[in-house]
Amino acid sequence: MDGDRRLPADPLDPRARLIALLGFVVVVVATPPRAAWPFLAYALVPAFFIGYERVSPRALARRLLFLGPLLLTVVGTRLLWFLLQHDSGQPTLQNEVWLLAVLGMRSGLAVLAVAAFMGHGDINRLAQGLRGLGVPAILTGVMEQAYRYWRLLWRELGLLRDAAGARGFRPRHLGDTVTLGRLTGSLLLRSLQRAERVHHAMLGRGFAGTFPTSHPLRWSRYDALFLLPALILPAAICAASHLVE
Amino acid sequence: MTRAPAVPAVDISHLSFRYPDGTPALDDICLTIQPGESVALLGPNGAGKTTLALHLNGLLRGQGRVAVLGLQTVPANLGALRQRVGLVFQDPDDQLFMNTLGDDVAFGPRNMGLEPEEVERRVAESLELLGLDRLRNRPPHRLSYGQKRRATLAGVLAMKPDLLVLDEPSGNLDPVGRRRLAELLAQLDCTLLVVTHDLPYALQTCRRAVILNGGRAVADGPTTRILADRHLLEANGLEWPFGFTPPAPPG
């Protein structure tokens, strides 16, 4: 079972992971959108780390799914804009498609970088790294709590769906939206009540606003070995793209 | 030479509490529990048992005086109090929320500011005591109900509490799980308060029982004597389960 698999201890300081991620995204965004090759070259960097970190294809696919709504929205709005502007003769369809492709490549690379550089995604380590980089503890606390509330909401949704399904509820037509609305309201109330009980249980075990971890922040040579390729390679590609121009 | 009396583990006097919507929950409760005692808090649903338990580490605060292990439940003492009072909640899903069982057990010791080595030692010790050491990296939602129950206890025992409060510990446990938990509780070296309406379990785990009904403490005495008084039980919404006959009280 997955849960029994012991993950190797993360030798990297979470600050190094965050710096690599931010640096990569900044470099990708700063690259002029004139040719596709720099973006394809950038993809090799997160691809290497994804392989090295053994991020499961399922986890990767799940993260890439976030791109779907974004791209759909962008395609829709750009298409509309193109149709409205077409009569003036300014933009061409080719330019529009290219801009969309660039946007897709940039956001895709950003998602890949999150999958690659943030490892197996321990939210507490991430928050610890953010605090180490100067983000106020109140913000990281909100982030950690929101993450837990999100998971709790999903769990309650599953219970509610099973309870409704077990008594034969299958939403089929418009009249069912009333029931769905009641279920949604019930979900919010139940999850809030449970969140309150969970918070009580946390307070009962001494919770004081932050999630302490057993791994203090400490720079090591592993961080240098990680940061060098993670930052230098994208910077080199960016520089080359400017030179080729 | 006279020996100084020990500070009571729990010293509650004239405690009353109403929920914000006005529902009365506790009414003038007085209760003293000495260190090392094991006490069952009995009562029907809605008697105020859980509400009283939540007062013991300051999660709720009513009118009256509550002192636990010599510390009053005032904001200045809450940090110290929560390190010494272990509260195991009725529903394990309320208590288990970290990504892995190991992290969840470590949550309390980390909040206590212990060194990582000490946290690790306590986590390993608690998991082994509860027979969960092989499940350390499993996410809590993949545990069985009985395992979750034990996991919540492991999370609290890792904090080495002086007072352990268990809310309906036998609920939904299979017979083997009940027996194992009772055996484990008998081994613990701390004051024990068991909130339950499971009379055989109260008899098995606690020498003293207090009945709570309608927010008031209506009876207090040896568990054998309380359970033998069928009329008292029935008057307070409790009854012997089918086939259960408590042993006659001594004398």
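Residues numbered from 1 in each chain as written. Chains lettered and ligands numbered in written order. Predicted model: local features only at pLDDT ≥ 70, side-chain atom pairs only at ≥ 80, totals over all residues.

Undergrad: Hey, could you run me through the overall build of chain A in this one?
TA: Of regular secondary structure, chain A possesses nine helices and zero strands. The secondary structure elements of chain A, listed N-terminal to C-terminal, are α-α-α-α-α-α-α-α-α. In terms of its C-alpha atoms, chain A occupies a principal-axis envelope of roughly 60 × 55 × 35 Å. Buried residues in chain A amount to 19% of all 245 residues. Look at the contacts in chain A between residues 6 or more apart in sequence, and 85% of them connect residues 24 or more apart. (Helix = DSSP H or I, 4+ residues; strand = E, 2+ residues; numbered from the N terminus. Buried ≥ 20, exposed ≤ 12 C-beta atoms within 10 Å, placed from the backbone. Contact = placed C-beta atoms within 7 Å.)

Undergrad: Help me understand the sheet that holds strand 5 (residues 71-72) of chain B in this model?
TA: In sheet architecture, strand pairing relies on hydrogen bonds along the backbone and comes in two forms, parallel and antiparallel. Residues and elements named next belong to chain B. Pairing is antiparallel across the open sheet formed by four strands, whose spatial order is 2-1-4-5. Only two strands of the sheet have a single partner each, and these edge strands are strand 2 (24-33) and strand 5. Two elements, strand 1 (residues 10-18) and strand 4 (residues 63-68), share five bridges in a ladder whose sense is antiparallel. Of the residues in strand 4, the one forming a bridge with isoleucine 12 is valine 66. (Pairing = 2+ DSSP bridges.)

Undergrad: Any chance you could explain the packing of helix 6 (residues 123-132) of chain A against helix 7 (residues 137-166) of chain A here in plain terms?
TA: Two numbers describe a pair of packed helices, the interaxial angle and the distance between the axes. Residue and element names in this part refer to chain A. Where helix 6 contacts helix 7, the two axes come as close as 9 Å, and the packing angle between them is 165 degrees. Relative to helix 7, the element helix 6 is oriented roughly antiparallel. Crossing angle aside, the handedness with which helix 6 passes helix 7 is right-handed. Along its contact with helix 6, which presents Ile123, Asn124, Ala127, Leu130 and Arg131, the element helix 7 presents Ala137, Thr140, Met143, Glu144 and Tyr147. (Axes fitted to C-alpha atoms, helices over the stretch in contact; angles between N-to-C directions. Parallel < 35°, antiparallel > 145°, perpendicular 65-115°, else oblique. Left-handed = near helix turned anticlockwise from the far one by under 90°.)

Undergrad: What exactly am I supposed to notice about the pairing of strand 1 of chain B here?
TA: Remember that side chains alternate between the two faces of the sheet whenever the strand is regular. Residue and element names in this part refer to chain B. One ladder, built from six bridges, connects strand 1 with strand 2; its direction is antiparallel. Looking at the pairing, phenylalanine 17 lines up with leucine 26 of strand 2. Here strand 1 hands over to strand 2 after five residues, with glycine 22 in that stretch at a positive phi of 100 degrees.

Undergrad: In this structure, what is going on with helix 5 (residues 116-129) of chain B? I would like to understand it.
TA: Helical geometry: 3.6 residues make up each α-helical turn, so side chains three or four residues apart lie on a common side. All names here are of chain B. Here helix 5 contains 14 residues, and its C-alpha end-to-end distance of 20 Å stays within 8% of the 20 Å for a straight helix at 1.5 Å per residue. Within helix 5 the residues assigned to the buried category are Val119, Arg122, Val123, Ser126 and Leu127. For helix 5, the angular spread of the buried residues around the axis is 125 degrees, confining them to a single face. Packing partners of the buried residues in helix 5 comprise helix 4 (101-111) and helix 6 (145-157). (Expected span 1.5 Å × (residues − 1). Arc of directions from axis to C-beta.)

Undergrad: Help me out: how do you make sense of the environment of Leu160(A) in this one?
TA: Residues and elements named next belong to chain A. Its location among the elements puts leucine 160 in helix 7. The exposure class of leucine 160 is partly exposed, given the 16 C-beta atoms found within 10 Å. C-alpha of leucine 160 to C-alpha of valine 114: the two residues are 46 residues apart in sequence and 32 Å apart in space. For leucine 160, the residues in contact, after removing those within four places along its chain, are Leu183, Ser186 and Leu187.

Undergrad: Whenever I open this one, the interface of chain A and chain B confuses me. Can you help?
TA: Accessible area lost during the coming together of the parts is what is often quoted as the interface size. Across the contact, 18 residues belong to chain A and 24 residues belong to chain B. In terms of residues, the side of chain A that touches chain B owes the most to one element, helix 8 (residues 176-204) of chain A, which gives seven residues.

Undergrad: Just to check I follow, could you spell out the sheet that holds strand 9 (residues 208-213) of chain B for this structure?
TA: Residue and element names in this part refer to chain B. Spatial strand order, 6-7-8-3-9-10: six strands in an open sheet with mixed pairing. The open sheet is flanked by strand 6 (85-88) and strand 10 (216-222), the only strands paired with a single partner. Neighbour-to-neighbour, the strand axes of the sheet open up by a mean angle of 15 degrees, direction not taken into account. The pairing of strand 3 (residues 38-42) with strand 9 spans four bridges and is parallel. Its bridge partner lying in strand 9, leucine 42 is registered against isoleucine 211. Sitting on the sheet, helix 6 is in contact with strand 6 and strand 7 (163-167), with an inclination near 170 degrees to strand 6.

Any link to function would need more than the numbers given here.
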